[in-house]
Amino acid sequence: MPGSSVHPGRTARIVGRRYLLHGPGFTYCITTVVLILGAINGQNNLLFAIFGLAAGGLIISGILSGANLMGVRVERLPPRDGAVGGTAGLRYRVHNANRWMPALSLLVEEPDLPRRSGQRLAAACGFVAVVRAGGSCIVEARHACLARGPVRLGRFRVTSTFPFGVTRKSVELDDAQELLVLPRAAVVVGDPLQVSRGERWAPSVAKVSREGDEFHALREYATGDPLRSVAWRASARAEPLLVRVDATRRAGRVLIAFDASDDRATQERIISAAAGLCLHAQRTGRDFALAGPGSAVLVGFGSGPSHVRASLRALATWTQGTPSSSGAAARDRHALRISIVEGDRPLGGGEGGIVVGVDAAATFSHEAPDSPPEAAT
Amino acid sequence: MNLPARLSRSTLACMLLAACAVGVAEASSVLCLALAAMLVGGWWFNERASQAGRRSVSMPRWASTTLLALALAAAGVRGYVEQDAISSFLWLLAGILALKAWQDRRPGDYGQMVTVSVFMGIGATLSDNSLLLGIVLAALTPTAVHAAMLCQLHVAASAAGRDAQAVPLGAREAATLRRLSVVAVAFGLTGAVAAFLFIPRGIGLRRFGDFGQAAVGRATGFVEEVDLSRGGLISESQTRVMDVRLADLAGTIITEDRSPLYLRGAVLDSYTGREWKRSRADDEARVVVRRLTPGAPESDLPQRSRLRLDPDADAVVQRVSIRQTPRGDATMFTLWRPRRVRVPGGTDIEFDIVTARMANKGEGGRLEYEVVSVPRLPADARIAPSRRGDIPAQSARMTEIAASVLRAAGIESVASRRLVVDDAAAVQAFVDHLRRTCSYTLDVPPPPLREDPVEHFMLVTRTGHCELFAASLAALCRASGIDARVIAGYMATEFDPETATYLVRQSHAHAWCEAEVAPGQWRTFDATPPAGIDELRDRRNTVLGRLTQLFADLRDRWNLNVVTFDAGSQQRLLGSSERDQPWFARFAESLGRGEEPDRVRAGQVVRRLREFAWVAGAGVAAVAVVIILTIVHARRRSRGAASEGGWAVAQPDASKLRRELDRAFRRVGFPRPAWKPPLRHAAELADASPAQRALLEDAAHLLYAATFASPGTARSDSMRAAIASLRRMTASGSGVTAG
């Protein structure tokens, strides 16, 4: 499909131009007609001149407004994901290819976006006052994110009523892209991932490092090792110069499994809590995996910003199929299960891990955060 | 300066010019100043509130609604009392504008204020066509165009949810807008000139009543009926109406000044309902219609059999050229009773044998004619010593006044006992009485509804204009048994000795009285004090008078070339040898009548279209040259910025910052190569003070943010502060060395 992806320097395809005579334009035209009637009736020469002025204004309005948009080329920059409660900024590079005429008073908007996005995004438009002839600039429209999920971006529109507001001109462009609205991440209170009965050292995942915080081993000195890592006392007892090797303490691997609920609001709270836990796990340096109802793994174990982003995107795109009626999900539809696992076997929390209620104020706060999740920005 | 500040100033200028237009149209400097003061006060109030960072104290809805209702009511009352819808409309618009100036500003308000200002300008045109108004409109046009453009920016920014205060509109953007305004105004003026020159005149005149005509009564001018119930200030319009040359019967032009000339127009012999009107003249024996063909010799007009005068005794030929006449019934002005008439272009003449009123029943537009008349009674005209018959008096009170005046003059007051030979002295006694007891003014308050205007003038106000003097004299004459009538016309006093022509202007419109001093013998009496005429003559000899005359000349040129531009002027300018009217006028007229344009041959149309295409092409070429020159000039000015390779296109302050940064590098002895980024170059400065390096690095960071980050990241005020700091640093002149 043409325009399905955006490459640098490639502009969106123009699919149509529209000229709409709206209220002020009708008023202008009617006034012009009344002027000529009055001028003819009264043979009032100043009225004849004013009529000519109005008619000339009408023509120059058409010329200027046509030229205003004729050279406009717009490229929608790759959209950044937004998060519910925050905004998704759709950015456009507006280039004025006209060599003589500047483009003025441009509004860039996604027509009917709330309806097409399933009310996931609110309407908004970007504005630029002047784009000089041959120049370009970036315009941003900040849409409020209302619900998680993918949003397909298609046609967008550049409109202007410059110079006199007589006509509303618009250029419609097509550029298919997709934007993902991530779930709102609930604020995690405390550290619910410290599963009281299970979290412990995981020896197989110890990672050797000189910058660690626990002693791991001694080895021979090698060129380039800092002097402060030399184990002087041990070296005094042995022949070769030894250096101390520390190990980083490794937290447990956490499986975050969320449940399905028939109630949409409850389901969204569960998703929000899961997103909050993902961010919390990343902040506390834990590996984590994400599982959906029926222990279906959505994202495997991992860590780091990209892993968090993948988890949030999985949560954003997760849709409830047939409601689960077995296992833990069937027991409590308002809950998350958190398990510490080693290999494939849960270590803490019993058979299914511990269950955390998503509405428990001691654990989650579902208030809108002041800023969107880190992964969304 | 940000967008709202520029828009606010443009809107204020627009409103002030509209106030001037209304002041000119209403001939009221007080109204103009009061409106301007209210507008400036409201603007200042809102600006102060805006600068203080708070919303202005908005007027409550009930208060604004009440004020609007009051303005509507005032306009309605004014329209009813003065019978002037245009004036009421202007007052209403002025009230709305003053109201909006004091209200809290919302995004759409600026557009509304500009629109109301434009409508005020148009409304003023309906009332007045003076040179002063033309100047005001010439200033209003570009101001309104510029304000309208700024309004579109403001409304669009508001629609995008952006704080309009944050929309930067630097000098470069403002210059762009100004250039576009110039282009738009140039194009609009081209349209105005084209419409002025090429739209056919004389078609459709008064098809919709008085709509579109400059309101009568606001300025001096000839009227077909004298309505004494109207009040208000009457301004003296200098619009040129006609030229009159006098000659004798041999054709020799009379070069001596015989002013004042009383040019008779409407003869008003019926007083009903506070108005002097013409009595019905549909009697075929009384009214004669003469059809004059082009180039025909003079046509004799029928005369009353009772008056047998030698037509050649002291006869004067008047060559009259009226610049604009309406179609169908246009009064023709003559000195006294016309005897013969000739119209070179041919037309239909209606002549009233009783009142000697002559009217053109043909097409409108310029009218030229020659009339032979005898301006004075012959010296040998004898008046029979008969007695006067009874004439119905206007009122008992008027009879008492007339009797007391006559008794004071020693003349018999009872009509049946007074000799007819004393009637002229009686009328002269009334003239003296009126000139002695009443004074002349153009500012007349309207009389009370239940009171007769003439009695109110003679007994209460004792000040008035010529119509009141003439009506009072006629009423006194009728009250004393002497038949009298009011004449409306012009009193020509402005004689140009170089051309031996009387220039007749609107301000020369006058009303006087004719009294029947003998059976069938009517004599002219003018009760208006002649001081005004003397003042007009004396005024020309002073320095101020000469300046006034200079301005009057300008005004005359304006009136001659713009205000009174008619079909004849159009014909002379565009040329048409075959017919009297321009070809497009005939074409449009034939279309308007629904006839086949059989008179317009295809070849003529093609030839005229070719001529029109030449003229239009030349106009379009001129406009195109202006536009191209403007664009070339603009590009030359912006070439420096354009060569920066797309740097800081969206933020003009960034270009300035970049230039200032480079200048700072040069001044500290470490010029930046074109290939090196400013931040890296600043980092390589050695031996510079930490403050200087920090300043340069901060400026470089700002420049990067303005160039590469999203809009709004680098604020204009931050960049301006950085530019100022760099300038201070370079001014101090401390050098550093490169590392």
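The structure this text deals with has already been given above.
Values in this document were obtained by computation on a predicted structure and should not be read as measured data.

Draft legend 1. Seen up close, the overall build of chain A. Scanning chain A from N- to C-terminus turns up 7 helices and 20 strands. In chain A, which comprises 377 residues, the proportion classed as buried is 52%. When contacts within chain A are restricted to residue pairs at least 6 apart in sequence, long-range pairs at least 24 apart make up 70% of them.

Draft legend 2. Main features of the overall build of chain B. When helices and strands are counted, chain B shows 20 helices and 25 strands. Relative to its 739 residues, chain B shows a buried fraction of 50%. Here chain B displays about 34,900 Å² of accessible surface, and carbon together with sulfur accounts for 57% of that area.

Draft legend 3. Structural detail: the environment of Pro-302 of chain B. Residue and element names in this part refer to chain B. Structurally, Pro-302 is set in the loop between strand 8 (299–300) and strand 9 (316–325). In the structure, Pro-302 is positioned 36 residues away from Pro-338 in sequence and 9.4 Å away in space, judged by C-alpha atoms. Sequence-distant contacts of Pro-302, defined by excluding residues within four places in its chain, comprise Val-288, Arg-290, Phe-351 and Ile-353.

Draft legend 4. Main features of the side chain of Ser-88 of chain B. All names here are of chain B. Position of Ser-88 among the secondary structure elements: in helix 4 (residues 85–102). Since its relative accessible area comes to 6%, Ser-88 is described here as buried. Apart from residues lying up to four places away in sequence, Ser-88 is in contact with Ala-75, Arg-78 and Gly-79.

Draft legend 5. Region of interest: the pattern of salt bridges. This model, assessed by the stated rule, comprises 22 salt bridges over all chains. One salt bridge connects Arg-152 of chain A with Glu-178 of chain A, and the closest N-O pair in it is separated by 3.4 Å. Residue Arg-152 of chain A is located in strand 8 (residues 149–160), and its partner Glu-178 of chain A is located in strand 9 (residues 167–182); the two are separated by 26 residues in the primary sequence. The class for Glu-178 of chain A is partly exposed, based on a relative accessible area of 41%. Through salt bridges with shared partners, one network takes in Arg-264, Arg-485 and Glu-514 of chain B.

Draft legend 6. Quick look at the interface of chain A and chain B. In this complex, chain A contributes 50 residues to the contact, which on the side of chain B involves 64 residues. Summed over both partners, the interface of chain A with chain B buries about 4,500 Å², with 71% contributed by carbon and sulfur atoms. Elements supplying a minimum of two residues to the side of chain A that touches chain B: helix 1 (23–42), helix 2 (45–70), strand 5 (103–109), strand 6 (125–131) and strand 7 (136–144) of chain A. For the side of chain A that touches chain B, the element with the most residues is helix 2 of chain A, which contributes 15 residues. Its residues placed into classes, the side of chain A that touches chain B shows 31 nonpolar, 16 polar and 3 charged.

Draft legend 7. Representation of the sheet that holds strand 13 (residues 347–352) of chain B within the structure. Residues and elements named next belong to chain B. Strand order in this open sheet of 4 strands is 7-13-14-10, and the pairing throughout is antiparallel. Two strands close off the open sheet at either side, each with one partner strand: strand 7 (287–292) and strand 10 (330–332). When the angles between neighbouring strand axes are averaged without regard to direction, this sheet yields 30 degrees.

Draft legend 8. Structural context of the sheet that holds strand 5 (residues 270–272) of chain B. Pairing is antiparallel in the open sheet, where 3 strands are placed in the order 1-6-5 (chain B). Strands with a single pairing partner mark the edges of an open sheet, and in this sheet they are strand 1 (226–227) and strand 5 of chain B.

Draft legend 9. Main features of unusual backbone geometry. Along the chain, Phe-162 of chain A connects to Pro-163 of chain A via a cis peptide bond; the corresponding omega equals 5 degrees. Of note, Pro-163 of chain A is situated in the loop between strand 8 and strand 9. A positive phi is found at Ala-356 of chain B, a non-glycine position, where the angle reads about 65 degrees. Within the secondary structure, Ala-356 of chain B sits in the loop between strand 13 and strand 14 (358–360). What makes Ala-356 of chain B buried here is its relative accessible area of 4%. A positive phi angle is found at Arg-462 of chain B, which is not glycine, with a value near 60 degrees. By the element assignment, Arg-462 of chain B lies in the loop between helix 10 (453–461) and strand 18 (463–464).

Draft legend 10. Representation of the nonpolar core. Phe-127 and Phe-164 of chain A together with Met-120, Met-149, Leu-153 and Leu-177 of chain B are the most contacted members of the largest nonpolar core, which has 81 residues in total. If one sorts the elements of this core by residue count, helix 6 (residues 131–159) of chain B sits on top with 15 residues. Beyond its immediate sequence surroundings of up to four residues, Met-120 of chain B is in contact with Ala-18, Ala-19, Val-22, Leu-35, Leu-90, Leu-93, Ala-94 and Leu-97 of chain B. Grouped together as the second largest cluster of nonpolar side chains are 78 residues, Leu-261, Trp-276, Phe-333 and Ile-411 of chain B included.

Draft legend 11. Spotlight on the packing of helix 1 (residues 3–26) of chain B against helix 6 of chain B. Residues and elements named next belong to chain B. Direction vectors running N to C along helix 1 and helix 6 enclose 155 degrees, while the axes themselves pass 8 Å from each other. The angle between helix 1 and helix 6 places the two elements in the roughly antiparallel class. For the pair helix 1 and helix 6, the crossing hand works out as left-handed. By residue class, the composition of the contact of helix 1 with helix 6 is 20 nonpolar, 5 polar and 1 charged.

Draft legend 12. Fine view of helix 4 of chain B. In this model helix 4 of chain B runs 26 Å from its N-terminal to its C-terminal C-alpha over 18 residues, within 8% of the 26 Å that 1.5 Å per residue would give. Buried residues of helix 4 of chain B: Ile-86, Ser-87, Ser-88, Leu-90, Leu-92, Leu-93, Ala-94, Leu-97, Ala-98, Leu-99, Lys-100 and Ala-101 of chain B, and no others.

Draft legend 13. A look at a nonpolar patch on the surface. Residues and elements named next belong to chain A. Together, Leu-21, Phe-26, Ile-30 and Val-34 make up a nonpolar patch on the protein surface, roughly 350 Å² of accessible area in all. Here the nonpolar patch gets 3 residues from one element, more than from any other, and that element is helix 1. Here Leu-21 lies in strand 1 (residues 13–21).

Draft legend 14. Representation of the packing of aromatic side chains. Residue and element names in this part refer to chain B. In the structure shown here, the tally under the stated rule is 8 aromatic pairs over all chains. When the ring of Phe-333 is compared with that of Tyr-490, the centres are 5.2 Å apart and the planes differ by 65 degrees; the resulting orientation is edge-to-face. Of the two residues, Phe-333 is situated in the loop between strand 10 and strand 11 (334–335) and Tyr-490 in strand 19 (residues 484–492); the sequence distance between them amounts to 157 residues. Just as Phe-333 is buried, Tyr-490 falls in that class too. Relative to Tyr-502, the ring of Phe-495 has its centre 4.8 Å away and its plane inclined at 55 degrees; by these criteria the two rings are tilted. Above the face of the Trp-522 ring, Arg-485 is positioned so that its terminal group lies 3.8 Å from the ring centre.

Draft legend 15. Main features of the environment of Ile-122 of chain B. Mapped onto the elements, Ile-122 of chain B comes out in helix 5 (residues 107–127). Residue Ile-122 of chain B is classed as buried on the basis of its relative accessible area, which comes to 13%. The sequence separation of Ile-122 of chain B and Ala-21 of chain B amounts to 101 residues, and the corresponding C-alpha distance is 9.0 Å. Not counting chain neighbours up to four residues away, the residues in contact with Ile-122 of chain B comprise Thr-31, Leu-35, Leu-47 and Ile-50 of chain A.

Draft legend 16. Structural view of the pairing of strand 4 (residues 87–96) of chain A. Residue and element names in this part refer to chain A. Within strand 4, 7 of the 10 residues are buried, which leaves the element mostly enclosed by the surrounding structure. Bridge count between strand 2 (residues 72–76) and strand 4: 5 bridges; the pairing is antiparallel. By the bridge assignment, Arg-73 is partnered in strand 4 with His-95.

Draft legend 17. Layout of the side chain of Arg-264 of chain B. Residues and elements named next belong to chain B. Counting through the fold element by element, Arg-264 comes out in strand 4 (residues 261–268). Here the side chain of Arg-264 touches Ala-356 through a polar contact of 3.5 Å, landing on its backbone oxygen. Residues contacting Arg-264, with those up to four places away along its chain left out, are Met-332, Phe-333, Thr-334, Trp-336, Thr-355, Ala-356, Arg-485, Ile-487, Ala-488, Trp-512 and Glu-514.

Draft legend 18. Representation of the environment of Ser-170 of chain A within the structure. Residues and elements named next belong to chain A. Note that Ser-170 resides in strand 9. Overall, the relative accessible area of 9% leaves Ser-170 in the buried class. Ser-170 sits 64 residues away from Leu-106 along the chain, and the two C-alpha atoms are 9.4 Å apart.

Draft legend 19. Structural detail: the packing of helix 1 of chain A against helix 2 of chain A. Residues and elements named next belong to chain A. The geometry of helix 1 relative to helix 2 is characterised by a closest axis approach of 8 Å and an angle of 155 degrees between their N-to-C directions. The angle between the axes of helix 1 and helix 2 places the two elements in the roughly antiparallel class. Helix 2 is crossed by helix 1, and the crossing has left-handed handedness. Along the contact surface, helix 1 presents Tyr-28, Cys-29, Thr-32, Leu-35, Ile-36, Gly-38, Ala-39 and Ile-40, while helix 2 presents Leu-47, Phe-48, Ile-50, Phe-51, Leu-53, Ala-54, Ala-55, Gly-57 and Leu-58. Counted by class, the contact of helix 1 with helix 2 contains 14 nonpolar, 3 polar and no charged residues.

Cut-offs applied
Residues numbered from 1 in each chain as written. Chains lettered and ligands numbered in written order. Predicted model: local features only at pLDDT ≥ 70, side-chain atom pairs only at ≥ 80, totals over all residues. Heavy atoms only, no water. Helix = DSSP H or I, 4+ residues; strand = E, 2+ residues; numbered from the N terminus. Buried < 20%, exposed > 50% of the residue type's maximum accessible area, 1.4 Å probe, protein only. Contact = heavy atoms within 4.5 Å. Areas by Shrake-Rupley, 256 points an atom, 1.4 Å probe, with all protein chains shown as cover. Salt bridge = Lys/Arg side-chain N within 4 Å of Asp/Glu carboxyl O. Buried area = accessible area lost by both parts, 1.4 Å probe. Nonpolar A, V, L, I, M, F, W, Y, C, P; charged D, E, K, R; others polar. Pairing = 2+ DSSP bridges. Axes fitted to C-alpha atoms, helices over the stretch in contact; angles between N-to-C directions. Core = buried A, V, L, I, M, F, W, Y, C linked by side-chain atoms within 4.5 Å. Parallel < 35°, antiparallel > 145°, perpendicular 65-115°, else oblique. Left-handed = near helix turned anticlockwise from the far one by under 90°. Expected span 1.5 Å × (residues − 1). Patch = residues over 30% accessible without salt bridge, like charges linked within 9 Å, V, L, I, M, F, W, Y side chains within 5 Å. Phe/Tyr/Trp six-rings, centres within 6.5 Å; stacked < 30°, edge-to-face > 60°. Lys NZ or Arg CZ within 6 Å of the ring centre and 35° of its normal. Polar contact = N/O pair within 3.5 Å; in protein donor to acceptor, adjacent residues only side chain to side chain.

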